[in-house]
Structures are given as structure tokens and as C-alpha cells.
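Structural features, examined
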Protein chains: 2
Amino acid sequence: MGATVLTPSPEEDMERRRTRPRIADVAREAGVSKTAVSFAFNSPERLSAETAIRIREVAGALGYRPNPVARMLTQRQTMTLGVLTPQALAVIFSNPFFALFSEGVAHAAEDLGYELHFISPLHGSLALAVGRSTVDGVVAIGLSADHPEVGQIRGAGLPMVLVDSDDLPGHSSVVVDDEAGARAAAEHLVELGHRDLLVIAIEGPATPSGEPGRTGVTERRLRGYRAVLEGAGIELSAERVVAGRSSIDGGSSAFQRAWAMGIRPTAVLAMSDAIAIGAMRAARELGLRIPDDLSVVGFDDIDLAGHVDPPLTTVHQPIRQKGADAVRLLLAEVEQREANRPEHIRLETRLIVRASTGPAPQLRQEVP
Amino acid sequence: MGATVLTPSPEEDMERRRTRPRIADVAREAGVSKTAVSFAFNSPERLSAETAIRIREVAGALGYRPNPVARMLTQRQTMTLGVLTPQALAVIFSNPFFALFSEGVAHAAEDLGYELHFISPLHGSLALAVGRSTVDGVVAIGLSADHPEVGQIRGAGLPMVLVDSDDLPGHSSVVVDDEAGARAAAEHLVELGHRDLLVIAIEGPATPSGEPGRTGVTERRLRGYRAVLEGAGIELSAERVVAGRSSIDGGSSAFQRAWAMGIRPTAVLAMSDAIAIGAMRAARELGLRIPDDLSVVGFDDIDLAGHVDPPLTTVHQPIRQKGADAVRLLLAEVEQREANRPEHIRLETRLIVRASTGPAPQLRQEVP
DNA sequence: TACTGTCACTAAACCGGTTCACTAAACCGG
DNA sequence: CCGGTTTAGTGAACCGGTTTAGTGACAGTA
């Protein structure tokens, strides 16, 4: 390549510095049409080999990179999938459940050549974030089907798969059998002789109206717990169902709150492992031994569950697979523009008994 | 709004179903120009109130949503920041260090109204992913400054901030004082009388040439360890520096490998908490008591570190802040197009002594 | 009445690519 | 040497918005 071609006049040099080169600049410099430059990158077989190489050389020397936004516009696809969550990203990333889910999503998306874009409330508005997001489809996790943004996406005709949510006509979905998992957890405790239970639910993001959100997941698990307890003649009064953020701290403070209210359970049914671990920590600090004085059952079976002390008895759910399946379903819809039947996947859960649960203590401690 | 306006002819109805409405459709339906529709959304004050409202009503009825890709193209900004990592997303999300970092990044980005886009190798190629990504700037973490993709981004003129990497002229950066942190960890062990040490380093992603990557972080920490050990007259032979993935399993298998090679340390210097926790688990399974038989020091001080058994002695680094600072620096560059001085931030580290370290055992166990 | 200013709105250019429809030249068998 | 096919490349339209420069109607002023 001749230096004459690539040495810019001072004027051109100025120009280059202020705006990045466009396809037209490359075309002019190489003495070909814009079309030829486009071909050199996208379908070189339509050009003679030498022309294609020369164009790419010129482009390289100019520091040209095809503007991906412009390409998206003409292709009318972004090769990006959205992950929609009702909570702030900062919250999301501290949630091990979400990390596992993302892992599954990321794995599947990567395999299929898609990028990932996390959509979470912007300036408190999920609607704004959805409006701005440039994605070919959306995996919505933890949003109830009647969430307003779900409607927004449906209205916009964007492909969407719902995870951990109720079914919505026209959309695929992935859920786990929360109710069965919850039943297994409760049965385990009942068999160990526990009759004084505390349920710590996951507190959803506050709804616009200010009331703490109740997601479908929470409801289903609670239904499972209740079914077993009622069957065993155990009453679960309202004050024995508390809620906390799904984090270690959230579980810890929820247990403390219940304790401060005078509740003295022999066992805790936590709706997430993070909460369970937090509850164990709080209980320890109150002088309780686990599982001698207090049994704790979690939910999720995150990697950590087996590594805490004592190892946590919990309900396993295939979180990674949930993410991967959601992406698979979403892409089925994204890639074939034809209307295809929405598919609904329900994955199984199972109880993993470790060391955080044991027989109910014969006599309860009356005073902390 | 008259029903006549909104009831589409069958033909129009077909058309609407196949492609989402464009700005021109709204304009036609409302009997105004495209410009007016654009104004109705972006600068309603340039329209009479009633016209603006009518246009928005029509748009709503049509299910119109401005195409964000087209908007990006004309605005020449995407309001999105990229987080560049050399590892696959699926790997990233299982890494608690990264989760914390992302938390910091996400928090700052959200505050400033930016979305986040994670850029990781696509089909094994980071370059491909970078080329596709539509971002206004990039936070690169864990890439060495001589990484080829870093050059690619520089060439494209995209603003970039480097985290945990060597300084690069023209770019801001954020690092922590790894060397000082490593020194503190080593000093602690030396003071406790340990002389038989094992270092478990973080194994970077394999380089294209196949050799295991050595990031700057690893080098700096190793330098810190060495400085102290040499000062105390302790030799750190090559076989006493092993590497593993930065995960619990990675730490576990690295320790097992070293053990199988006949190495019998009284203390472990792990370059991440995840590795430290894994090493503790492996040691336990080999019958060692911690800290009686083996002391372990981690690095990072992730939330979990205080909750494992025994609570982990580790070097604290402000991971969240690292992410937040990186975004701050990046936006300074993105938002003012003027060339502004790159800034370099170095954050402090400090040793947190918990219960995983203790005095060196008087006699070493000879046989497992 | 002519002049200026404001208001409400529009036509056309533009962002930076891709692609459709077409052409000139080279090739090829008969 | 002719008609048909390939090859290599081009110009213009297009993707779906935003923005610049203007236009006509109307009100206010001198």
C-alpha cells in the first residue's frame, strides 16, 4: 500500500481526529463504492480477492470499524437478548440465585452467538429502560404476569419468555415446581417432629403503590408449606410468616425481627438459601445451636449451601438450566418469525438433606 | 379520538401485524408530519398542547414505540456502557469478586442514567464481541494492557478505563494496592511463625498461544508475597506457587494437586477468597484442622469471607468502589468530548484477621 | 398599510450502514 | 462471431428515526 494513499493532508487529518471514519471515507480512499466496502466485510466472495484485501487494508489503516448501530438498523436485528428484572442491577448481582440464573442464560446465549443486555429499572422506571433497550427478545424473570412492563413488551410485539411467573397466553415460560419443593421441605420438618415453625418469605421489590411485592414464587411456595402443615394439624398464623430481602443480611434481620416479636420457632422454612444462611447466623448470635435448638431449611441449593456451617438442608432447583431453557425457548421465537406454539417448561425440585435440620428439641427454651 | 381513525382496513391490519408501526405510520394516521410525531415525544413544547396529546394518543393506539436503534444512530450515542472481560459470561457470574465489581459498576451507571452491556468473548473471540457492541465507552477489567483487544478499542477511539491493569497512556485507570495487601498477608503469616508456605495464584484465561494467562494482578501480589518472604529468609520455590481458577472448586483442586505432589505447607496464601475457601475445604477433607494444622489467608474480602467456617482471614479491597470509580472516570471522558487528562486512582487494601490463621504447628504431619 | 415577530408545523437532509437492481466486461461453447 | 452466462462492481433506495432550515398564518406595532 502506497504511503501516498495513506498520508492524509493536514485538513483531512483534522477531520479524521474529530469523527471516526465512515464507510464512505474508506470507499473514497480505496477508490471504490460504499457497496464494495460493505462487501469486503460481509460477503467478500462477491469481490475479487485482491480488491477485498486492498479495501480491508485501507480500512485498517484508517482505523475503520463498521458502526454496529447502523448495521443493527438495516439488519433489523441486534443479536442481543434482554434479561428483564424488576430490581436494580446492583441488587441483582449480590443475589446468588440471580448469578446462577445469569450463568445459565449467558451460557446458552453465548452458544447461539447472542449478546446479553440486562434491563433493570432506570431512574426507578423499568418502562423507560425497556423503551431504550435494543434487544431482539426478552427473558423476564421474577415479574408477575400482570406487571405493567410485561404488557408494554407484549404491546411492542417483542418476543418474551417468562421465568418463574404465571403463564401468559402467547408466551413461552419456564417454571420450577415450587409447590412440590415447598411441600418436601415442610414434610421433612414435620417428620422430624417440628410444630413451631417460622416461614421467611422473599420480599419482592416494592410495587408502585408501595406495598411489598408478592411474587408468584412466594405464593406458590407458601401454598406448598401450608398444604403440608395443615395436613399435619399445624397452624401457621400470620405473624409466623415474615419477609426479608433475599440476601444473608435480609435473612438475618428477618429472623431477628421475628425473635424480637417473641416468636420462638424450633424450625425455619426459608424461601431462599441466602435467607436461610442469614437466619442461621442470627440464630447463632442469639445463642441457638443448629440443628440442636433450631432447624433451618433453605430453597434453591446454591453452590454455597453445601459449604456453610452446618451444611444447609435445602430444596434443590435447577437454576442454571432454568436460564438456559428460557434462552432456548426465546430463540425459537426470535429466529423463526412464524408464529410458533409457545412452550411451557416445568422443571422438578428435590429436597437435599444436609446437616442444618434435626429432630425437634424436647423442651423449648423460654427465655433467650 | 374517532373510531373511524383507528379502525384499520383489513389490509392495513395485516400490515400492522407483520411489522411494528414506524413513525411514518403514526404521522399518517394522525395527519401530521414525521417531524411533528418526533416532537410529540422529544420536545412537546414545540407543538400545541392538543396536537401533542392527539399524536401520543394515536401512537398509543397503534402500539408505537420509537425504535431505539434508529434513535441511537441519529444521536450518535447509545447511553450504554460496556464492561469488558476476557472470560465467558458464564464464568464471570460464578465469580463473587466479579459480582461485587459489577455491583459497583451498576450502581454508578444507573445513577448516571446509563445502561450496562457486558462484553465477553463471542464464539471465543473478544474482538468479534467488541466489534458488535454498541456502547459509548468501556470499562475493561482484568485485561492486561497489552491485550490485543485493548489495542482494538484504542484504535477505534472508544473511551476506555482500565481496571486492575497496568497504566496505558491516554486512558484513566483504577487499581488497588495489590502489592501492599499481599505484603500484609505474608507478614501476618511470617509473624505467626510459618515458614512452609503454598501460594495459590489466580489462573487467567488461557492466552491464544495456549499458555495460562498471567495477569498484572497476579504478578503484583506475587511480588508482595515474595518481598516479605525473602526478607524473612524464606525461600518460595517454583513448585510452591500453583494456580487455579478463581472459584471454590478451583481452589480445592489446586490444593489437592499440590498435596498430591507432596507439598505439605503450614499456611496457604490464596490470591482470592474463593480459592481460599476451596483450599480450606480440600484441606479439611484431607484431615487437616484449620487453623491448627493449616492457616489460610485469602484476598478480596467478599461478603462470604466472614461467614465461612472458620471465618476467613483475608486482604480487604474495596471492590464495589473500584467499579463505581471506574464508571465515574469513564463518564468524565465520555460526556465531555474534549480531551481531558486521564486520571489514575489507586485504592488501599488492608488485612482483616479472622479465624483461619493461627500459630504455625510445632511439628508437621509427615504422612497424610 | 407595510413591517416585524411569533407560533405551529413541514420538507428534506442526515445518521452510517446494507441490499436491490442493474451494467460493463470477460468468458465460453458451438 | 454470436448469444448467453459469470464476474466484479456501481448507484440509489432503504432502515427509522432526528434536526435544520424554512413556510404560511396570524398578531402586534409604527
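I will try to describe carefully the structure that is included in this document. (Residues numbered from 1 in each chain as written. Chains lettered and ligands numbered in written order. Predicted model: local features only at pLDDT ≥ 70, side-chain atom pairs only at ≥ 80, totals over all residues. Heavy atoms only, no water.)

Description of the interface of chain A and chain B
Facing 49 residues of chain A, the contacting portion of chain B comprises 49 residues. Between chain A and chain B lies a buried interface of about 4,300 Å² when both sides are counted; carbon and sulfur atoms form 62% of it. Elements with a contribution of two residues or more to the side of chain A that touches chain B: helix H6 (68–75), helix H7 (89–93), helix H8 (96–111), strand S2 (115–119) and helix H9 (126–132) of chain A. Per-class residue counts for the side of chain A that touches chain B are 24 nonpolar, 16 polar and nine charged. In this structure, S2 of chain A lies alongside strand S2 (residues 115–119) of chain B, joined through two bridges in antiparallel fashion. Residue Leu116 of chain A lies in a different strand from S2 of chain B, and its bridge partner there is Phe118 of chain B. (Contact = heavy atoms within 4.5 Å. Buried area = accessible area lost by both parts, 1.4 Å probe. Helix = DSSP H or I, 4+ residues; strand = E, 2+ residues; numbered from the N terminus. Nonpolar A, V, L, I, M, F, W, Y, C, P; charged D, E, K, R; others polar. Pairing = 2+ DSSP bridges.)

Some remarks on the protein's contact with DNA strand C
Residues in contact with DNA strand C amount to 28 residues; listed here are only the nearest, Ile23, Ser38 and Asn42 of chain A together with Thr35 and Thr51 of chain B. Each atom of DNA strand C within 4 Å of the protein belongs either to a base or to sugar and phosphate, the latter forming 60%. Interatomic distance of 2.6 Å between a backbone N/O atom of Ile23 of chain A and a phosphate oxygen of DNA strand C. Between Ser48 of chain B and DNA strand C, the recorded distance is 3.0 Å, taken from a backbone N or O atom to a phosphate oxygen. Listed by contribution, the elements that provide at least two residues to the surface near DNA strand C are helix H4 (34–42) and H6 of chain A together with helix H4 (34–42) and helix H6 (68–75) of chain B. Residues belonging to the surface near DNA strand C are distributed by class as follows: 11 nonpolar, 11 polar and six charged. (Near = heavy atom within 4 Å. Polar contact = N/O pair within 3.5 Å; in protein donor to acceptor, adjacent residues only side chain to side chain.)

Side note on the protein's contact with DNA strand D
Every one of the 29 residues lining DNA strand D counts as a neighbour, but Ser33 and Thr51 of chain A together with Ile23, Ser38 and Asn42 of chain B are closest to it. Restricting attention to atoms of DNA strand D within 4 Å of the protein, one finds that 59% of them are sugar or phosphate atoms. Between a base oxygen of DNA strand D and a side-chain N or O atom of Arg46 of chain A, the distance comes to 3.1 Å. A distance of 3.2 Å is found between a base oxygen of DNA strand D and a side-chain nitrogen or oxygen belonging to Lys34 of chain B. Classifying every residue of the surface near DNA strand D by side-chain character gives 11 nonpolar, 11 polar and seven charged.

Let's talk about the relation of the copies chain A and chain B
Relative to chain B, chain A is turned by 180° and slid 0.0 Å along the rotation axis, the superposed coordinates differing by an RMSD of 0.1 Å. Accordingly, the operation relating the two chain copies is best matched by a two-fold axis. Here 100% of the interface residues in chain A have copies in chain B that are interface residues too; the copies meet face to matching face. (Least-squares fit on C-alpha atoms with pLDDT ≥ 70 in both.)

Considering empty space enclosed by the protein
All names here are of chain B. Enumeration over the complete set of coordinates arrives at seven cavities of 30 Å³ or more. The calculated volume of the largest cavity comes to roughly 380 Å³. Forming the boundary of the largest cavity are 24 residues, of which Gln87, Asn95, Phe97, Gly142 and Ile202 lie nearest the centre. Of all the secondary structure elements, the ones that give two or more residues to the lining of the largest cavity are helix H8 (96–111) and helix H12 (216–231). Examining the composition of the lining of the largest cavity, we find that three residues originate from one element, H12, more than from any other. When the residues that make up the lining of the largest cavity are grouped by side-chain class, the tally is nine nonpolar, 10 polar and five charged. Counting the residues that make up the lining of the largest cavity, at least three belong to each of domain 2 (78–174 + 319–346) and domain 3 (178–317). (1 Å grid on protein atoms, 1.4 Å probe; cavity = no way out; pocket = protein on both sides within 12 Å on 5 of 7 lines; lining within 4 Å. Points joined across faces, edges and corners; volume = space filled by probe spheres on them. Domains from an automatic or database assignment.)

Description of the nonpolar core
Ranked by size, the top nonpolar core spans 117 residues in total, and within it Leu116, Ile200 and Phe255 of chain A together with Leu116, Ile200 and Phe255 of chain B carry the most contacts. Residue contacts for Ile200 of chain A: discarding those within four places in its chain leaves Val242, Gly244, Gly251, Ala254, Phe255, Val268, Leu269, Ala270, Met271, Ile275 and Ala279 of chain A. (Core = buried A, V, L, I, M, F, W, Y, C linked by side-chain atoms within 4.5 Å. Buried < 20%, exposed > 50% of the residue type's maximum accessible area, 1.4 Å probe, protein only.)

Quick notes on the packing of aromatic side chains
Under the criterion given, the structure shown has 14 aromatic pairs over all chains. Ring centres 6.1 Å apart and planes at 25° place the aromatic pair Phe255 of chain A and Trp259 of chain A in the stacked group. Placement of both Phe255 of chain A and Trp259 of chain A in helix H13 (residues 248–260) is noted, with a separation of four residues, approximately one turn of the helix. Taken as a pair, Phe255 of chain A and Trp259 of chain A share a single burial class, namely buried. Grouped by ring-pair contacts, the aromatic residues Phe93, Phe98, Phe101 and Phe118 of chain A together with Phe93, Phe98, Phe101 and Phe118 of chain B constitute a single cluster. Cation over ring: Arg264 of chain B sits above Trp259 of chain B, and NZ or CZ is 3.8 Å from the ring centre. (Phe/Tyr/Trp six-rings, centres within 6.5 Å; stacked < 30°, edge-to-face > 60°. Lys NZ or Arg CZ within 6 Å of the ring centre and 35° of its normal.)

Observations concerning the pattern of salt bridges
Residue and element names in this part refer to chain A. Evaluation of the coordinates by the stated rule reveals 33 salt bridges over all chains. A salt bridge links Arg221 to Asp178; the shortest N-O distance between them is 2.8 Å. Taken together, the residues span a long stretch of sequence, with Arg221 in helix H12 (residues 216–231) and Asp178 in helix H11 (residues 178–191) at a distance of 43 residues. Among the residues examined, Asp178 registers a relative accessible area of 1% and is labelled buried. Its salt-bridge partner being Asp292, residue Arg289 comes within 3.8 Å of it at the nearest N-O pair. Judged by relative accessible area, Asp292 falls into the partly exposed class, the value being 43%. What you see here is one network of salt bridges that share partners, running through Asp166, Asp178, Arg220 and Arg221. (Salt bridge = Lys/Arg side-chain N within 4 Å of Asp/Glu carboxyl O.)

Thoughts on the pairing of strand S6 (residues 197–202) of chain A
All names here are of chain A. Burial runs high along S6: five of the six residues are buried. Pairing of S6 with strand S8 (residues 267–270), which is carried by four bridges, proceeds in the parallel orientation. In the sheet register, Val199 faces S8, and the bridge partner there is Leu269. Relative to strand S7 (residues 241–244), S6 is paired through four bridges, and the arrangement is parallel. The partner of Val199 across the bridge, within S7, is Val241.

Observations concerning the sheet that holds strand S12 (residues 350–352) of chain A
Residues and elements named next belong to chain A. Overall, mixed pairing links the six strands, which are arranged S7-S6-S8-S9-S10-S12 in an open sheet. Both outer strands of the open sheet, S7 and S12, are each paired with one neighbouring strand and no more. Put simply, the sheet's adjacent strands are angled 20° from each other on average, direction ignored. Taken together, the three bridges between strand S10 (residues 313–316) and S12 define a ladder with antiparallel strand orientation. (Axes fitted to C-alpha atoms, helices over the stretch in contact; angles between N-to-C directions.)

Some points on the side chain of Thr266 of chain A
Mapped onto the elements of the fold, Thr266 of chain A is located in the loop between H13 and S8. At a separation of 2.6 Å, a polar atom in the side chain of Thr266 of chain A contacts the side chain of His194 of chain A.

Observations concerning H4 of chain B
Residues and elements named next belong to chain B. Three or more residues of H4 are buried, namely Ala36, Val37, Phe39 and Ala40. Taken end-on, H4 shows its buried residues confined to a sector of 160°, consistent with a single buried face. Along its buried surface, H4 packs onto helix H3 (23–30) and helix H5 (49–62). (Arc of directions from axis to C-beta.)

A few points about the environment of Gly142 of chain B
By the element assignment, Gly142 of chain B lies in the loop between strand S3 (137–141) and helix H10 (148–156). Separated by 62 residues in the primary sequence, Gly142 of chain B and Gly204 of chain B place their C-alpha atoms 8.6 Å from one another.

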